[in-house]
Amino acid sequence: MELSLEQSLTLLQSGNRSLKIAGKEVEMAKNEHQKLNAFWYPSISASGAYVHMSNPVEVRQPLNQFTDPAKEYIHSIIPDDQLISSLLDKIGQNTLTLPLVSQNITSIDASLTWPIFTGGKRIYASKIGKTLVSVAEVNREQVGATEQAKLIECYFGLRLGQRVVEVKAETYNSLQTHYEQALKLEQQGMINRAERLVAQVSMEEAKRELESARKDLDVAAQALKSLINIEDGKDIHTTTSLFISAGYFKEMIPYNNYLVNQLKLQENIADNQLKIGRTGYLPNIALIGKQTLYADGLDKYLMPRTMIGVGFTWNIFDGLDREKRIRQARLTSQSLAIGKDKAVTDLQVGVDKFYTQMQNAMDNVKALNTTLEMSTELVRIREKSFKEGMATSSDVVDAEVMLSKVKTAFLLAYYQYDVALANLLSLCGIPEAFHQYRMDGKTEIL
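Colleague: Tell me about the layout of surface pockets, residues and numbers included.
Modeller: For the largest pocket, the calculated volume is near 310 Å³. Taken together, 19 residues form the lining of the largest pocket, with K121, I276, G277, G280 and R325 sitting closest to its centre. Looking at the lining of the largest pocket, the elements that each hand over two or more residues are α8 (258-278) and α9 (321-387). Split by residue class, the lining of the largest pocket holds five nonpolar, nine polar and five charged. What lines the second largest pocket is Q142, T146, A149, K150, E153, N257, Y258, L259, L347, N423, S426 and L427. At five residues, the largest contribution of residues to the lining of the second largest pocket is made by helix α5 (residues 121-187).

Colleague: Let's hear about the nonpolar core: which residues, and what values?
Modeller: Grouped together as the largest cluster of nonpolar side chains are 75 residues, with contacts concentrated most on F156, L224, Y417, L421 and F434. Counting residues per element, this core draws most heavily on helix α10 (residues 393-428), which supplies 19 residues. Apart from the residues lying within four places of it in its own chain, the contact partners of L224 are L3, L151, C154, Y155, L158 and I236. Counting residues in each nonpolar core, the second largest holds seven residues, with I128, V138, Y258 and I269 among its members.

Colleague: Describe the packing of helix α1 (residues 5-15) against α5, with residues and values.
Modeller: Direction vectors running N to C along α1 and α5 enclose 140°, while the axes themselves pass 11 Å from each other. Our classification of the angle between α1 and α5 gives oblique. Crossing of α1 over α5 shows right-handed handedness. On the side of α1, the interface is formed by L5, S8, L9 and L12, while α5 contributes E147, Q148, L151, I152, Y155 and F156. Each residue belonging to the contact of α1 with α5 can be placed in one class, and the counts come to seven nonpolar, two polar and one charged.

Colleague: For the pairing of strand β4 (residues 95-117), give the residues involved together with the corresponding values.
Modeller: Pairing of strand β2 (residues 43-52) with β4 involves 10 bridges; the strand directions are antiparallel. Its bridge partner lying in β4, S43 is registered against T113. Across six bridges, the pairing between strand β3 (residues 57-62) and β4 is antiparallel. Within the sheet, the bridge partner assigned to R60 lies in β4 and is T97. Taken together, the 12 bridges between β4 and strand β7 (residues 284-298) define a ladder with antiparallel strand orientation. Note that in β7 the partner of T106 across the bridge is D296.

Colleague: How would you summarise the packing of α5 against helix α6 (residues 193-228) if you had to cite specific residues and measurements?
Modeller: At a minimum axis distance of 8 Å, the contact between α5 and α6 shows a crossing angle of 160°. The angle between α5 and α6 places the two elements in the roughly antiparallel class. Once α5 is placed against α6, the crossing between them reads as left-handed. Taken together, the residues of the contact of α5 with α6 break down into 24 nonpolar, seven polar and nine charged.

Reading guide: rules and limits
Residues numbered from 1 in each chain as written. Predicted model: local features only at pLDDT ≥ 70, side-chain atom pairs only at ≥ 80, totals over all residues. Heavy atoms only, no water. 1 Å grid on protein atoms, 1.4 Å probe; cavity = no way out; pocket = protein on both sides within 12 Å on 5 of 7 lines; lining within 4 Å. Points joined across faces, edges and corners; volume = space filled by probe spheres on them. Helix = DSSP H or I, 4+ residues; strand = E, 2+ residues; numbered from the N terminus. Nonpolar A, V, L, I, M, F, W, Y, C, P; charged D, E, K, R; others polar. Core = buried A, V, L, I, M, F, W, Y, C linked by side-chain atoms within 4.5 Å. Buried < 20%, exposed > 50% of the residue type's maximum accessible area, 1.4 Å probe, protein only. Contact = heavy atoms within 4.5 Å. Axes fitted to C-alpha atoms, helices over the stretch in contact; angles between N-to-C directions. Parallel < 35°, antiparallel > 145°, perpendicular 65-115°, else oblique. Left-handed = near helix turned anticlockwise from the far one by under 90°. Pairing = 2+ DSSP bridges.

In structure tokens:
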């Protein structure tokens, strides 16, 4: 199958497992954000119970505290009264029992709690949730850039392998032709056996190098197939050429690099955590409500069916836990700030490294352009001289081998440039710019 770099990138986006994992992490972060947003809504719950008590709840009141004052009053009016006093004594021996709650109680209640002030905890928690989504999205972009750099390395590695195989095959065919000429010249007595053997050994060596290049090509093809999820039975023919362009990117590191952006977001999270810690000094205020949906054994005058109100909780002292949390959040924020500055410095060193690789590759291509022309001309001169008996077989072989090495080095310089550029763009957070550099660049021409 013919496969361009753009087609490979499309297959990477749809089939790469690392990108799928990063996508799931974004979904998880969004779900976590939604969970944190749930604190803005009221909480409604229902509860029910059936209770059997060993005895009912009731009020017992002896009646003598009422009859004794009545007896005294009667005696003050009728000193010799016996009948009424006797009746009052009998009544006073009894106890008045008033049931309040029966022995068996059944109740089903609905409760509502709606926090209306938490000291800012919900606001900062929601900001943290939103930042977590941003962290996951930046991580997905970083994974995408890393996988794209791997793809470019594998794709152009395969392209390099295919071109090297072409160069090795061309060299082998040239040396095979040279061997056939040397064999004819030996038969005609124009060269000795040693000259013919030199041509034969060189042809066999070129054949061995060609087979080795084909094996390396199979490994490169397998690496690309694994990365973009292509079945193993297909042969891939790359259609996108190696290229060389130019550019400089160090100033993009503090703004575009994925690691730096993640550290910035982590700083934002730590700042909100510090603010949440400070809200621990403030009270929490909430609306509360309760509605009894069903009750048996519990009278309304003892327990009203509907209640509504406002309540608050205020943690006055918690063993200095708030202070420790605030200090921890402050230290985390300071550590992240230092880590971000260090990351910027280290990444700028990485930019210098990849940029130097690109410059070296460009310098090599410029130098090899002239060498390639001279080596091609040398092969033509040596082959013509050999046919005329003015050059030996070793001269022709040396020229062919030199041309093969120059072509391979020329293609390798293009490959090194493209891989360094892909890694540099990924480091700078602009992997999508690779396409434009490729369109503006100069393709490999042998």
